[in-house]
Amino acid sequence: MQRPGKGRTPRRPALKKPSSVEKDPVGVYCRIRPLGAEDEECCVEMISNSTIQLHAPDGLKANRNGEYKETQYSFKKVFGINTSQIELFEDVAKPLVEDLIHCKNGLLFTYGVTGSGKTFTMTGSPGEGGLLPRSLDMIFNSIGPFQAKRFVFKPDEKNGMEIQSQVDALLERQKKDSQQSVPKTPSSRHKADPEFADMISSEEACKSESVDEDCCYSVFVSYIEVYNNYIYDLLEDAPFDPIRPKPPQSKILREDQNHNMYVAGCTEVEVKSTEEAFEVFWKGQKKRRIANTQLNRESSRSHSVFTLKLAQAPLDADGDHILQDKNQVNVSQLCLVDLAGSERTSRTRAEGSRLREAGNINQSLMTLRTCMEVLRENQMCGTSKMVPYRDSKVTHLFKNYFDGEGKVRMIVCVNPKADDYDETMLVMRFAEMTQEVEIARPVDRPICGLAAGRRHRNQAFRDELSRRLEERGGPINADDPGLLSQLIESLPALPPCELVDPADDQMLPRLIEALERRQRIRQLLTEQFSKTATTLKSMIHQFDSQLNSKDTFLHDQRSKLSEKDKVILNQKAELERLEKKSKTLEYKVDILQKTTDMYEHDKRSLQNELETREQRLQRELSERRRMEQRMQGVVTDTKLKWEKECERRVNAKQLEMQNKLWVKDEKLKQLKAIVTESSSSGGFSVERPEKPERPSRERDRSMARKRSASPSPLPTAPPVRPVHRRSHSAGGEKWVDHKPTSNLDLDTVMQPIIPNAITVSTPSERALSKCHKYVLRHQELASDGEIETKLIKGNVFKTRGGGQSVQFTDIETLRQDCPTASSRKRRSGSGEGPANIDDIENRAPVTSTSTIHGYQKRRKP
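Starting from 1, residues in each chain are numbered consecutively following that chain's sequence as written. pLDDT decides what is reported in this predicted model: residues at 70 or higher carry local features, side-chain atom pairs at 80 or more are listed and counted, and totals for whole chains, interfaces and linings draw on all residues regardless. Only heavy atoms go into the side-chain values, all of them from the structure, while hydrogens and water stay out.

Strands here are runs of E lasting at least two residues and helices are runs of H or I lasting at least four, both read from the DSSP assignment and numbered beginning at the N terminus. Counting its regular elements, the protein chain contains 17 helices and 28 strands. The contact rule is simple, with two residues in contact once any of their heavy atoms fall within 4.5 Å. Partitioning the intrachain contacts of the protein chain with sequence separation of at least 6 by distance along the chain shows that 71% fall at a separation of at least 24. Reported accessibility uses the Shrake-Rupley method at a 1.4 Å probe radius. Residues are deemed covered only where the shown protein chains occlude them. Of the roughly 54500 Å² of accessible surface on the protein chain, a fraction of 52% belongs to carbon and sulfur atoms.

This is the structure we're talking about:
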């Protein structure tokens, strides 16, 4: 831990990345675990291989209206309850292991509510190995034949890697083996753990086919946990003191020369096989803090980080040894993180240390959410807010990954039971927001400029040399004494010689001859070896010349490729600019679309309101027209009623006044008669005038019956001869005289004389178009047996369609009545009565239904 009194080392400025760097979004996957019981309520439904839907459980109202609100969330891929561990590994972790072998970093972490299956996804169980053991198995299956010996690569305790010679590595191994206090690295020659052997079957083994064979590899693993925002090394071997046990010492974070964060003093163990690596993992897993809670029997109380670090260095030009150059060593790492689950203390009922652990877990996860939100806001809005990585050890440790030092992938584990609905909703929102964060894509880092295939050529050369030496019987390895003895035995055998006498002439020549023969054979072998060596050297020179030409061609191709890369970068920059512009335009289009939708909604509402008001107005107008028609009918009926009443009263008043006038006339006549009698008594005899007779009631009643609805006014003066009047139809206008064929031909009797008339039996449009007036003659028998003629008149006018129409305006009735004047006294001009009757017969019809008389007699009082 850092002392409080010591100042912090100032942070070096980060390297500025070019603006045209390609970016990839954070890969977020979702895995749904099966329900614990079949009858348990489920709140998560898998819609497709990339979408899930959350259903509110029964009894929970998702909004104010009390309706259930269903929400859908999309991921890069969704794994259902029947997904196997190998399928999950193929889609999520295998690409990260491929990148690890190609010198690229990676970060994979599981996130979810407690009890959602995060640890099972990462570690697995017997028979169902998780992502971690499968990643280890794939790495060692890929680099197994190309691993360097132990301690050739050595960590320098500053997040770097040193390289040692074969002799130094051998001395280091002997030194480590001699130190008993330091625990030995687990050997791969030990028997494999049966539990791990059951995790991954041979059929599910994976291997990368794109491993660089011209490099040597070494794998280092480390295992830490973040507990209560403190970092602890799970592989550290602390001395055990049974009297005064010491708590584990926490570690601190530091920054290396490349501005990458690492845990200072963390144990890094070099492993050479999958079993050995998994044994180291279980060693640390036993020290990890877990506890029993109300929601999970083995709940992780800390965030665990298992780091796979792969160191690789190229071979020299001959392909025999590793280049002793530290700058040529590339180190890549893959972090597998099992985050502790978020939980609510109201459900776990945690107390004491468990409550404190839950608070720290939730706080670190909240810091992770905050960092993601700030990163997304900086990328989408172009702001440069400071990301609070230092608020939590987890985010501070993985700061480099979010800044573009490797790929980042997250697996969201979901428990579909209804009790976790609220926590699952928060997890889904965080996952949806994380998908919008983009991470810079790591670039490829070339190892060196040496030609490829060095290891293969060196091995092929050795195999070819051994084969040829075997064919010629020569030594395959001159340093091997067994091969030297075989070569000596292949020479001609020496003859048996036993010198008894120094002057033996037979034995010495035979011995000399045998030695000379062996010398010639040896010279032949030497010459053949020289020729073979010369041929081999020429072949090597030829291969070198071809290699140089290929290197030159490769250099040219690389120069062309670099030019193409520049063009591609420019095009990508232009594409990014266009994408940003497209996003801006899409945002504006969305705003305009929303505004248009709002205006359309207002327009529809106003149109509906207008239609409603128009319908209401039409109804009111129709009601008004009906009311007007009804009122017109009432007014017409009332008018006719009062006209009849007024006519009756006027007739009654006229009759009364006539009676009074007759009474006065009688009194005057009586008075005149008295005066005349008084004067006649003086000598004159005057004839007494005849007393006028008062009209009888019966005659008045008969006259009243013949009187029309609108009687003519009674004359106050003596009647005169009525002036002869022609028909109204005798004007200067042209008439259509319609005479039906059923009428009787009465010649001029009861027939009007109409000049300028077109007589037709059936009206036609041609006749109507030439005239302005129309008259129809109708004959029928009256009540007294006389023929009555009716003239139905109308106006002719044109219609809009170009035709003719008739509007009837008047009816005249012509009939003959016989006068009954036997009991009535005629006044002056009464002698013209017969002539008057004849004149009436030939008179033009009057617009009335009443009979026309020349005079009217008064009644007696």
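Here we take up the sheet that holds strand 4 (residues 51-54). Taking strand neighbours across the sheet as the criterion, the three strands line up as 3-4-5 in an open arrangement whose pairing is antiparallel. A strand with exactly one partner marks an edge of an open sheet, and here the two such strands are strand 3 (44-48) and strand 5 (71-74). Along the sheet, successive strands turn relative to each other by an average axial angle of 30 degrees, direction set aside. Of the strand pairs in this sheet, strand 4 and strand 5 are connected by four bridges, and their pairing is antiparallel. Within strand 5, the residue paired with Gln53 across the bridge is Gln72. Strands are treated as partners if at least two bridges between them are detected by DSSP. Axes here mean lines fitted to C-alpha atoms, for a helix over just the part in contact, with angles spanning 0 to 180 degrees between N-to-C directions.

Ordered by their spatial adjacency, five strands build an open sheet running 25-24-26-27-28, and the pairing between neighbours is mixed. Since the sheet does not close on itself, it has two edges, and those belong to strand 25 (757-760) and strand 28 (804-814), each with one partner. On average, adjacent strands in this sheet sit at an angle of 25 degrees to one another, irrespective of strand direction.

It is worth spelling out helix 11 (residues 421-434) at this point. Helix span, expected: 1.5 Å multiplied by one less than the number of residues in the helix. A rise of 1.5 Å per residue sets the reference length of helix 11, with its 14 residues, at 20 Å; its end C-alpha atoms lie 20 Å apart and thus fit the reference within 8%. Among the 14 residues in helix 11, 10 count as buried, and that is most of the element. Among the residues of helix 11, Tyr421, Glu423, Thr424, Met425, Val427, Met428, Phe430, Ala431, Met433 and Thr434 are the ones counted as buried. Only protein chains enter the accessibility calculation, which uses a 1.4 Å probe; a residue is then buried when its area is under 20% of its type maximum, exposed when over 50%, and partly exposed in between.

Look at any regular strand and the pattern is simple: side chains alternate between the two faces of the sheet. Strand direction decides the pairing type here: strand 26 (residues 773-781) and strand 27 (residues 787-798), joined by nine bridges, are antiparallel. Across the sheet, residue Leu776 finds its bridge partner in strand 27, namely Ile792. Remark: five residues form the turn of the hairpin made by strand 26 and strand 27, two consecutive strands paired antiparallel; Gly785 in that turn has positive phi of roughly 90 degrees. Sheet topology places strand 27 next to strand 28; 10 bridges connect them, and they run antiparallel.

Below, the discussion takes up the packing of aromatic side chains. Only centres within 6.5 Å qualify two rings of Phe, Tyr or Trp (six-membered ring in Trp) as a pair; their planes then separate them into stacked at under 30 degrees, edge-to-face at over 60, and tilted for everything else. Considering all chains together, one arrives at 10 aromatic pairs under this definition. Ring geometry for Tyr111 against Phe430: centres 4.7 Å apart, planes inclined by 45 degrees, an arrangement best described as tilted. Of the two residues, Tyr111 is situated in strand 7 (residues 105-112) and Phe430 in helix 11; the sequence distance between them amounts to 319 residues. Judged by its relative accessible area of 1%, Tyr111 falls in the buried class. In this structure Phe430 comes out as buried when scored by relative accessible area, which is 2%. Summarising the aromatic geometry, the rings of Tyr223 and Phe306 are spaced 5.5 Å apart at their centres and angled 80 degrees between planes, so their arrangement reads as edge-to-face. With Tyr223 in strand 12 (residues 215-227) and Phe306 in strand 20 (residues 303-314), this residue pair connects regions lying 83 residues apart in the sequence. A single burial state applies to Tyr223 and to Phe306, both of which are buried. Counting every residue linked through ring pairs, the aromatic cluster contains Tyr223, Phe278, Phe281, Trp282 and Phe306.

Below, the discussion takes up the pattern of salt bridges. Any carboxyl oxygen of Asp or Glu that lies within 4 Å of a side-chain nitrogen of Lys or Arg is treated as forming a salt bridge with it. Within the structure shown, the criterion is met by 27 salt bridges. The salt bridge partner of Arg577 is Glu574, with a shortest N-O separation of 2.3 Å. Taken together, the positions of Arg577 and Glu574, both in helix 14 (residues 507-680) and three residues apart, correspond to about one turn of that helix. For Arg577, a relative accessible area of 45% gives the class partly exposed. In this structure Glu574 comes out as partly exposed when scored by relative accessible area, which is 35%.

Among buried residues, the Ala, Val, Leu, Ile, Met, Phe, Trp, Tyr and Cys ones that are joined through side-chain atoms within 4.5 Å form a nonpolar core. With 55 residues, the main nonpolar core has Ile52, Phe75, Leu107, Phe398, Phe402, Val412 and Met428 as its most contacted residues. Apart from residues no more than four positions distant in its own chain, Val412 is found in contact with Val28, Tyr29, Cys30, Arg31, Phe75, Tyr111, Val427, Met428 and Ala431. Phe79, Leu88, Val92 and Val280 belong to the second-largest nonpolar core, a separate cluster that totals 45 residues.

Across its 13 residues, helix 4 (residues 166-178) extends 18 Å between first and last C-alpha, which sits within 8% of the 18 Å expected from 1.5 Å per residue. For helix 4, every residue scored as buried is listed here: Ala169, Glu172 and Arg173. Looking straight down helix 4, one finds that the buried residues subtend no more than 100 degrees of arc, so they occupy a single side. Exposed residues on helix 4 whose side chains face more than 90 degrees from its buried face are Val167 and Leu171. Buried residues in helix 4 make contact with strand 10 (153-155). Directions pointing from the helix axis toward each C-beta atom define the arc.

As a packed pair, helix 3 (residues 131-143) and helix 6 (residues 274-285) sit with axes 9 Å apart at the nearest point and diverge in direction by 150 degrees. When the interaxial angle is binned, helix 3 and helix 6 end up roughly antiparallel. The two elements helix 3 and helix 6 meet at a crossing, and its hand is right-handed. Here Leu132, Pro133, Leu136, Asp137 and Phe140 of helix 3 lie close against helix 6, whose contacting residues are Thr274, Ala277, Phe278 and Phe281. Following the grouping adopted for this structure description, the nonpolar residues are Ala, Val, Leu, Ile, Met, Phe, Trp, Tyr, Cys and Pro, the charged ones are Asp, Glu, Lys and Arg, and the polar ones are all others, Gly among them. When the residues that make up the contact of helix 3 with helix 6 are grouped by side-chain class, the tally is seven nonpolar, one polar and one charged. If an angle is under 35 degrees, it is roughly parallel; if it is over 145, roughly antiparallel; if it lies from 65 to 115, roughly perpendicular; otherwise it is oblique. For a crossing to be left-handed, the near helix must be turned anticlockwise from the far one by less than a right angle; the clockwise case is right-handed.

Another point: the confidence of the model for the protein chain. Confidence of the predictor in every single residue is expressed as pLDDT, which spans 0 to 100. On average, residues of the protein chain score 78 in pLDDT, and 74% of them reach the 70 mark or higher. Confidence, read as mean pLDDT per element, is least for helix 17 (residues 833-841) in the protein chain (39) and greatest for strand 6 (residues 77-79) (95). Note that pLDDT drops below 50 for residues 180-192; the model gives that stretch 16 contacts with residues more than four away or on any other chain. In this model, residues 683-700 is a region of pLDDT below 50 whose contacts with residues beyond four sequence positions or in other chains number 30 contacts.

Axis separation between helix 1 (residues 85-101) and helix 3 bottoms out at 9 Å; the angle between their running directions is 50 degrees. Accordingly, the angle class assigned to the pair helix 1 and helix 3 is oblique. The crossing of helix 1 and helix 3 is right-handed. Taken together, the residues of helix 3 that come into contact with helix 1 (itself represented by Gln85, Ile86, Leu88, Phe89, Ala93, Lys94, Val97, Glu98, Leu100 and Ile101) are Leu131, Arg134, Ser135, Met138, Ile139 and Ser142. Its residues assigned to classes, the contact of helix 1 with helix 3 comprises 10 nonpolar, three polar and three charged.

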